[in-house]
Structure formats: structure tokens, C-alpha cells
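# Architecture and fold: a report
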Amino acid sequence: MHPRCRPGVWLHIWAAATRGGMSICGTAALAPGRIIAAAAGLDLLTDAALREEAKADFRRCRGDRPRVSPLPASRTQPPRVPPHLVRPGEGDDVSALQPPG
């Protein structure tokens, strides 16, 4: 048995791969999440009743509280973004952005 595996965990499943730090662990851990997210997204896109139920649940959980940004109001752009990628006031067209140099 691999020293990082827990007793009862078979070696050829994603849980064992993630415990051992093998390169396949990212794929093995993320692939099921992508499938689940895609299925949930498809359900939300195609089922109006499910969308309304999700909205109602969101409103119930959030209550009357307004959304408060965790970022300070003084922050106008993300930190550590190169200046050539920040063009405030020019819309969302990024096709003309060129790397420096």
C-alpha cells in the first residue's frame, strides 16, 4: 500500500491519486466536478421552474441584506495586473491589447 493512502482506499481511484500527489490527481479530481457543474448548468438553462426555485432559495438565504463588496471602495482595478492589460474607460474590447515590448 502507498504510504499516503488511507486504509480502505484502493490505489486506482481518484482519491488515491490525490493523496499521492501524482500528476493525474488534478484531472481525476476536477473532471467529476466539471461534469457535475455542466449538468447543473444545463438543468438551470433548460428548466424555468428550477431557475425560479434557485432564485427563491437565494432570496430566502440572503434575506433583506444588501450585497456588500469585500473590496474597499478605493480599489479601481485588480492588484498585480500589468498596466498594458488595464484600460479603464475603453469598454470591454480586449482584441486590440498587445503585450509590452
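As a reminder, the structure under discussion sits directly above these lines.
The text that follows walks through the structure, step by step, so that each part is easy to find. (Residues numbered from 1 in each chain as written. Predicted model: local features only at pLDDT ≥ 70, side-chain atom pairs only at ≥ 80, totals over all residues. Heavy atoms only, no water.)

## Quick notes on the overall build of the protein
Heads up, the rule is: Strands are runs of DSSP state E lasting at least two residues, helices are runs of H or I lasting at least four, and both sets are numbered from the N terminus onward. The classification of residues rests on relative accessible area computed with a 1.4 Å probe and restricted to protein chains. Under 20% of the type maximum is buried, over 50% is exposed, and intermediate values are partly exposed. For this analysis, residues touch if any pair of their heavy atoms sits within 4.5 Å. In this description, accessible areas are obtained by the Shrake-Rupley approach with a 1.4 Å probe, and a residue is regarded as covered only by the protein chains that are shown.
When helices and strands are tallied, the protein shows three helices and zero strands. Scanning the protein from its N terminus toward the C terminus, one meets helices and strands in the order α-α-α. Put simply, the protein has 101 residues, and 4% of those count as buried. Across the protein, the fraction of contacts at a sequence separation of at least 24, relative to all contacts at a separation of at least 6, is 0%. In the structure as shown, the protein presents an accessible area of about 9,000 Å², 61% of it carried by carbon and sulfur atoms.

## As for helix H3 (residues 48-62)
Using the following cut-off: Here a helix's expected span is defined as the number of its residues, less one, multiplied by 1.5 Å. Any pair of N or O atoms that falls within 3.5 Å is considered a polar contact. Within protein, one atom must be able to donate a hydrogen and the other to accept it, and sequence-neighbouring residues count only if both atoms are side-chain atoms.
The first and last C-alpha atoms of H3 sit 21 Å apart over 15 residues, in line with the 21 Å expected at 1.5 Å per residue. If you check the start of H3, you find a side-chain oxygen 3.1 Å away from the backbone N of Ala-49, and it comes from Asp-47. Backbone geometry just after H3 places Gly-63 at a positive phi near 70°.

## Some points on the pattern of salt bridges
We apply this condition: Every case where a carboxyl oxygen of Asp or Glu lies within 4 Å of a side-chain nitrogen of Lys or Arg is listed as a salt bridge.
Summed over the entire model, instances satisfying the criterion amount to two salt bridges. The salt bridge partner of Glu-52 is Lys-55, with a shortest N-O separation of 3.6 Å. Residue Glu-52 and its partner Lys-55 are located together in helix H3, separated by three residues, close to a single helical turn. Assessed through its relative accessible area of 45%, Glu-52 is described here as partly exposed. Among the ionic pairs, Asp-57 bridges to Arg-60, the shortest N-O distance being 2.5 Å. With Asp-57 and Arg-60 both in helix H3 and three residues apart, the pair spans about one turn of that helix. Judged by its relative accessible area of 61%, Arg-60 falls in the exposed class.

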